[in-house]
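Survey of secondary and tertiary structure
Chain by chain, the residues run as shown.
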Amino acid sequence: MNQTVFRAGLLDGQVALITGGATGIGFGIAELLGSLGAHVFIASRKQEHLDAAAASLEKQGARASVVTVDVRDADRVKTMIEQVQRDRGRIDILVNNAAGNFYAPSESMSANAWKSVIEIDLNGTFFCSQAVFPVMKAQGGGRIISISMTLHYRGWPLMAHATAAKAGIDALTRTLALEWARHGIRVNAVAPGPIPTEGVRKAFTPPSAGGVPDVFAVERALEDYARKSIPLGRWGTPADIAGMVAFLASPAADWVTGSIFVVDGGEWLARGQSRG
Ligand code: HXC
């Protein structure tokens, strides 16, 4: 990120742990929090993603460390928290961003397919929040920010697992906010609208008609969707989500907890209405 409205050094001396922080939205969050002075720990299952992301963050002048974790494994999550704590002595900000999903019809979704997404999205968010709690409690406070979505507000065909998991994250956000406020721990969530990551681009890739591939077809399809379906007229970027995360991590949000902020250009509100 080249420019930001946040003041330089806003998060100096703070430690932020971002699950799924090596790619997509998570990486955008790591870039912004790192540029504001936080020491960012990015966590991922894949070492190759971590290495590339850390190199990029360091090139941008951020202090970055990496940790491999599968957030489905509660013991491994505990070890990760201990590792960060041992290394930096504190954890001020936890961003529960790791998620996985795919489109699948409910009638034929395997038990393992259901379980995989619930475990990554919902269990992972709970395990990381629970493991960071004693650290934040001991240091007198902290901020937990989880990445939700908007597709469960009305339901979204072929996404039973992800919509159920994200609805659970919303519930967890409110409950943990109430339980942990007395320890100075603020718990909030951000619900992103459509961000054209690789998965989304794939969904907008028309089937090959043979012959020379139309390299602009995806861009046109994306633009058409934005014009028709997103009131603010454009797709989101990881930086749009990162801005809300930075706000929630900052003292400007000192009286904000248990809240879920939609950042989607108005998309979910307008869903089902055609803008012509
Ligand atoms: C049907 C599928 C499937 C698919 C996996 N499964 N992909 N079923 N359609 N496309 C089933 C498998 O068959 C298997 O069940 C079970 O799910 C577990 O699959 P594995 O590949 O063994 O699991 P694992 O390696 O742990 O992978 C986890 C994953 C995978 C979630 C399934 O997709 C993943 O790692 N994704 C990470 C990246 C990702 O999804 N990012 C998206 C985040 S974006 P069986 O019965 O065969 O054993 C985001 C925004 C969403 O969240 C916005 C949506 C519009």
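Structure: see above.
Each chain has its residues counted from 1, running along the sequence as written. A pLDDT threshold of at least 70 governs which residues receive local features in this predicted model, and a stricter bar of 80 or more applies before side-chain atom pairs are shown or counted, although totals over entire chains, interfaces and linings include all residues. Computation of side-chain values covers all heavy atoms of the structure but excludes hydrogens and water.

Bringing the overall build of the protein into the picture now. Secondary structure summary: the protein contains 9 helices and 7 strands in total. Computation of the radius of gyration draws on C-alpha atoms alone. For the globule rule, the value is 2.2 Å times the number of residues to the power 0.38. Against the globule reference of 19 Å for 276 residues, the protein gives a C-alpha radius of gyration of 19 Å, in line with a compact fold. If you line up the protein on its principal axes, its C-alpha atoms span 60 × 40 × 35 Å. Going through the 276 residues of the protein one by one, you find that 48% of them count as buried. Contacts were defined at the residue level, with two residues in contact if any of their heavy atoms lie within 4.5 Å. Taking the intrachain contacts of the protein between residues at least 6 apart in sequence as the baseline, contacts between residues at least 24 apart amount to 74%. Note that accessible areas follow from Shrake-Rupley with a 1.4 Å probe, and for residues the cover is restricted to the protein chains shown. Summed over all atoms, the accessible surface of the protein reaches about 13,400 Å², with 55% contributed by carbon and sulfur. The positive count covers Lys and Arg only, the negative count covers Asp and Glu only, and His and the chain ends enter neither. The atoms used to mark charge sites are NZ of Lys, CZ of Arg, CG of Asp and CD of Glu. Seen as two clouds, the 27 positive and the 25 negative side-chain charges of the protein have centres 3 Å apart. Numbering goes from the N terminus for both helices and strands, where a helix is a DSSP run of H or I of at least four residues and a strand is a run of E of at least two. Burial here depends on accessible area, computed with a 1.4 Å probe over protein chains only, as a share of the maximum for the residue type. Under 20% is buried, over 50% is exposed, and the range in between is partly exposed.

To pair, rings of Phe, Tyr and Trp, with the six-membered ring standing in for Trp, must have centres within 6.5 Å; the planes then decide the type, stacked if under 30 degrees apart, edge-to-face if over 60, and tilted in the middle. Counted by the stated rule, this structure contains 3 aromatic pairs. Summarising the aromatic geometry, the rings of Tyr153 and Trp268 are spaced 4.8 Å apart at their centres and angled 80 degrees between planes, so their arrangement reads as edge-to-face. Taken as a pair, Tyr153 in the loop between strand E5 (142-147) and helix H5 (160-180) and Trp268 in helix H9 (residues 267-270) lie far apart in primary sequence, 115 residues in all. Of the residues examined, Tyr153 reaches a relative accessible area of 29% and is grouped as partly exposed.

Distances are taken per atom, and a residue is near a molecule or strand as soon as one of its heavy atoms is within 4 Å of it. Neighbouring residues of the ligand: 14 residues in total, closest Arg45, Arg72, Asn101, Ser110 and Asn112. Here a polar contact means two N or O atoms within 3.5 Å. Within protein one must be a hydrogen donor candidate and the other an acceptor candidate, and residues neighboring in sequence count only if both atoms are side-chain atoms. The contact in question runs from an oxygen atom of the ligand to an N or O atom on the side chain of Arg45, over 2.6 Å. The separation between an oxygen atom of the ligand and a polar side-chain atom of Asn112 is 2.8 Å. Notes on the ligand: free accessible area 1,100 Å², of which the protein chains cover 50%.

Within the fold, Met80 resides in helix H3 (residues 74-88). On a C-alpha basis, the gap between Met80 and Val69 in space is 7.0 Å, while along the polypeptide they are 11 residues apart. Contact partners of Met80, with chain neighbours within four places excluded, come to Leu17, Ala43, Val67, Val69 and Cys128.

Moving on, we come to the sheet that holds strand E3 (residues 63-68). Strand pairing follows a simple DSSP-based rule, namely that at least 2 bridges must link the two strands. Reading across from one edge, E3-E2-E1-E4-E5-E6-E7 is the order of the 7 strands in this open sheet, with parallel pairing throughout. Of all the strands in the sheet, the pair left with one neighbour each is E3 and strand E7 (260-263). On average, each strand axis in the sheet is tilted by 20 degrees relative to the strand beside it, whichever way the strands run. Note on method: axes are straight lines fitted to C-alpha atoms, helices fitted across the in-contact stretch only, with angles between N-to-C directions ranging 0 to 180 degrees. Where H3 meets the sheet, its contacts fall on strand E1 (15-19), strand E2 (39-44) and E3, and the angle it forms with E3 comes to roughly 155 degrees.

Further remarks concern the packing of H3 against helix H4 (residues 111-138). Between H3 and H4, the shortest axis-to-axis distance is 9 Å and the interhelical angle comes to 35 degrees. Seen along the crossing, H3 lies across H4 with a hand that is right-handed. The segment H3 lies against H4, with Ala74, Val77, Lys78, Met80, Ile81 and Gln85 engaging Phe127, Cys128, Ala131, Val132 and Val135. The residue makeup of the contact of H3 with H4, split by class, is 9 nonpolar, 1 polar and 1 charged. Note: crossing handedness is left-handed where the near helix turns anticlockwise from the far helix by less than a right angle, and right-handed where it turns clockwise. Throughout this entry, Asp, Glu, Lys and Arg are counted as charged residues, while Ala, Val, Leu, Ile, Met, Phe, Trp, Tyr, Cys and Pro are counted as nonpolar. The remaining residues, Gly among them, count as polar.

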